[in-house]
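Topology and contacts: notes
Letter by letter, the chains look like this.
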Amino acid sequence: MKEYLKNVEDVFEEVKSSPEGLTAEEAAARLEQNGKNKLAEAKKDSTLKKFFDQMKDPMIIILIVAAAISTVTEFIEHGLSVPTDALIIVAVVLINAILGVIQENKAEKAVEALQKMSAATTKTLRNGKVEVIKSEDLVVGDVILLDAGDAIPADCRIFECASMKIEEAALTGESVPVNKLVKALTLSPDKGDEVPLGDRKNMAYMGSTLVYGRGKAVVVATGMDTEMGKIANAIALAEEGKTPLEIKLEQLSKILTKLVLAVCVVIFGYNIAMYFISGSDAQFYTVALDSFITAIALAVAAIPEGLVAVMTIVLSIGVTNMSKKNAIIRKMNAVETLGCTQIICSDKTGTLTQNVMTVVDHYADNEKLLATAMALCTNAEVESDGKSTGEPDEVALINYAATLGLIKGDLVAAYPRSGEVPFDSGRKMMSTVHLSNDQYVQYTKGAPDEILKKCNKAIIGDQVVDLTDDIRTAIADENTRMGNKALRVFAVAYKVYETEPQVYDSESLEYDMIFIGLTGMIDPVRPEVKDAIVECRNAGITPIMITGDHINTAKAIARELGILTDDSQAMMGADIDKYSDEEFEKIVENIFVYARVQPEHKTRIVNAWRNKGYVTAMTGDGVNDAPSIKSADIGVGMGITGTDVTKNVADMVLTDDNFATIVSAVGEGRRIYDNIRKAIQFLLGSNLSEVISIFYATIMSFTILEAPHLLFINLVTDSIPALALGLEKPEADIMKRQPRSKNDGIFAGDLGFDCAYQGIIVSILTVIAFYIGEWLETGHLVLHHIENSSEGMTMAFFTMAMCEIFHSFNMRSQRGSSVALLFKGHHNIALYGAMIGSFLLTTAVVEIDFLSNLFGFAHLDATAYMISLGLSFLIIPIVEIVKFVQRKLASRKQK
């Protein structure tokens, strides 16, 4: 039922109530039938469920399968023994899952926060008497009494109104309290069959606050049926999409799964085929088991065991860094999403603007008198702590006076109030009368057009003169000028009495006044936002303003910020309803400002951009932003002015409410994604070298490396440097690039080619090292059908491990020269430490008896040691040369 379109009598009939309220019996019956006036609680996942959710990642599944197979193989070979390989893999899986749960262990508290916003108690009429009851016990048909400062406990239709003003910013995004009225609304022919939420002036909604006046209202909706309930339901229904990184890692997991299965089948099939072709005397069981063990070794080689843990830890480091820069990340995988953000849909009030009404313009010959009159004709006050309290417009006026040295408290002491005529929406003005020496002075402020109608004189210079048509025209022109700047304009006039007025009402006071001047106020933009938007545009990001405010105000703010260049780029929320989703998607790329929007409009805007293929962020602070924040690729909440609802559904919360922090977060997101790609390239290149080496050795009928050797390389000489690569500083052009496409595969930008050639080079160097070791051990060189060569295996292991350590230095930049970075003084101390640590651990495994015996290695003498070290170092100049050629080729393409 659209109560705002109905007369009060019809509303009472609809809800089966009266201005005297319900009886206690009827209220109890309705409460039993319809339930409490509170919002449904969100379902929470247990910590155990979150833990097992971490196991659903395809990469984790691959690792678990590898561990199981490794355990079976160990049992077949050695019986009941400790499956070392499996334990290592399981440890990696557990560490990753625990880190994920710790980071994401904040349960959804959005609906709980909405419940806290509801009023605790409410004055209502029961059995014709005023009773104070719990707000959750309200039912449809209850009559409630409202005074200034009361939170609105349910959705209500107002039927008595004494200068009521309700602050609805949390619901509509409009920064100015709304003047309320009683009469039924009428539909505008050009706005369809709906009245926007912010224009329903005869309604009071749960979650808003009465800031001025008093009144009575009848409850028409409670609990989940309220507008607030619809938002809570929208939050619950909003789908959380996967981040680009999650999608890329899933793609990678599928590729690796297919690769592992294919390689294992090929190797197993090849060995079995060769057994029958060669007519070997060996038992089939033995050959099959050896082939199976080789296939497992290849599986371990193909799976980057450290990748998931490296990704988790790198993201955790990024989360920590961002928190130091005033951006709190609630979900780790959301960090990199900012790096590919193409659209930022931002709420205006409190995000782009300060959410503080401020006088920015005035028109008066006597500014001191103007400020004095405006400050005295308000009910706003200055508290003992110096903070101004009251209706935002009036707070702006007393703050304006304070800038001229006119403090409200001092003015009140000097000119005590003797009486007033309160504001009402019919007159659009209020008056106060003050004792001034032996006289009484009346100040009246309100809408300029209405104030002028009540004036017959004006102050021009220091003189009081007749209000001629020319002066009226000049005042009207100034009013228009300020209005065109989307300023909220107030006029003020005065009148002097020799004795105190006997009657304080409009008819007795508000006529034949002397016009003083005008003030224009607005919720000003945050000073840092202009530069932040310029930086966003340089980074290829389009800012979109979404607000519940009036369209003229929205346009003015958007022009000032550089978001809007033409009026055709702005749209009213009601106009969105005229389009189907498909039709709206066709025009969404041409609209950068939306005014008078409702919560569902914000979600449609976000979804339209996402459906067009854009990675979309939504920022905001009000309850009305919550559903769209949850629907966006990344939701950004405001930590200071933001509601708990918004903060709890956001992926990222800005602790300083600074739009510019988003720019910093975008840069950090891009840096993290760059570093993750470096780690992926580094780890996959390493795994490819292992696969190629084992595949070659299998074809040539010898063993080059065993599963424990591969696990050591994957978890020590690969994973430790890969973590350090996550700390690499951003490259110089990181905020001058266009956002990457979310459709870019994990191997985009020739990453696949880089993995391939680098893996092949490491394989070649490893095989060469094996053959040299075999030659040093036996004195002759055999290329195939080699019996186990412990020195050859040891040199191959040491060379491959050291290749990875040196190669991590190459990976500081995918295309830039890492050697040049070194000479420019750009250092990654963590990487240097990781390289040294990995080098010492690798040397220890080869040279310390206990460890070398555990891995089946031979001791390397100085010659073998230095040959392996020299071979592995070659990876640096080789990759530097290839990157140099790649840069030259790319430069030619650009020309």
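The following refers to the structure shown.

Cut-offs used in this document
Residues numbered from 1 in each chain as written. Predicted model: local features only at pLDDT ≥ 70, side-chain atom pairs only at ≥ 80, totals over all residues. Heavy atoms only, no water. Helix = DSSP H or I, 4+ residues; strand = E, 2+ residues; numbered from the N terminus. Polar contact = N/O pair within 3.5 Å; in protein donor to acceptor, adjacent residues only side chain to side chain. Buried < 20%, exposed > 50% of the residue type's maximum accessible area, 1.4 Å probe, protein only. Patch = residues over 30% accessible without salt bridge, like charges linked within 9 Å, V, L, I, M, F, W, Y side chains within 5 Å. Areas by Shrake-Rupley, 256 points an atom, 1.4 Å probe, with all protein chains shown as cover. Salt bridge = Lys/Arg side-chain N within 4 Å of Asp/Glu carboxyl O. Contact = heavy atoms within 4.5 Å. Pairing = 2+ DSSP bridges. Axes fitted to C-alpha atoms, helices over the stretch in contact; angles between N-to-C directions. Phe/Tyr/Trp six-rings, centres within 6.5 Å; stacked < 30°, edge-to-face > 60°.

Another point: the environment of glutamate 26. For glutamate 26, the position within the fold is in helix H2 (residues 24-34). Residues glutamate 26 and arginine 126, 100 residues apart in the sequence, show an inter-C-alpha distance of 9.5 Å. A polar side-chain atom of glutamate 26 sits 2.6 Å from a polar atom in the side chain of arginine 30.

On to unusual backbone geometry. In the Ramachandran plot, lysine 428 falls in the positive-phi region, its phi being about 60° despite a non-glycine side chain. One non-glycine residue, aspartate 512, lies in positive phi territory at about 50°. Position of aspartate 512 relative to the elements: it lies in the loop between helix H18 (506-509) and strand E19 (513-522). By relative accessible area, aspartate 512 is classed as partly exposed at 44%.

A word on a nonpolar patch on the surface. On the surface, Trp775, Leu776, Leu781 and Leu783 cluster together into a nonpolar patch covering about 390 Å² of accessible area. Examined against the element boundaries, leucine 776 turns out to sit in helix H28 (residues 751-778). Judged by relative accessible area, which is 33%, leucine 776 ranks as partly exposed.

For serine 693, the position within the fold is in helix H26 (residues 659-699). For serine 693, a relative accessible area of 0% translates into the label buried. Only 2.7 Å separates the side chain of serine 693 from the backbone oxygen of serine 689, close enough to count as a polar contact. Once residues within four sequence positions are removed from consideration, serine 693 is found in contact with Ile704, Ser763, Thr766 and Met800.

Our next topic: the sheet that holds strand E21 (residues 570-572). In space, the eight strands of this open sheet follow the order E8-E25-E24-E23-E9-E20-E22-E21, with mixed pairing throughout. A strand with exactly one partner marks an edge of an open sheet, and here the two such strands are strand E8 (327-329) and E21. Strand-to-strand twist across the sheet, computed as the mean angle between neighbouring axes with direction ignored, equals 20°. As paired strands, strand E24 (residues 634-638) and strand E25 (residues 652-654) are joined by three bridges and run parallel to one another. Paired with valine 636 across the bridge in E25 is methionine 652.

Our next topic: the packing of aromatic side chains. Per the counting criterion, the structure on display carries 15 aromatic pairs. On the basis of an interplanar angle of 70° and a centroid distance of 5.1 Å, the ring pair of phenylalanine 12 and phenylalanine 159 is categorised as edge-to-face. With phenylalanine 12 in helix H1 (residues 8-14) and phenylalanine 159 in strand E4 (residues 155-167), the pair connects residues that are 147 residues apart, well separated along the chain. Exposure class is identical for phenylalanine 12 and phenylalanine 159. Each is buried. Here the aromatic rings of phenylalanine 712 and phenylalanine 797 are separated by 5.6 Å at their centres, their planes lie at 55°, and the arrangement is tilted. Of this pair, phenylalanine 712 sits in helix H27 (residues 707-725) while phenylalanine 797 sits in helix H29 (residues 790-810), and the two are 85 residues apart along the sequence. Ring pairs connect the aromatic residues Tyr696, Phe702, Phe770 and Tyr771, which therefore count as one cluster.

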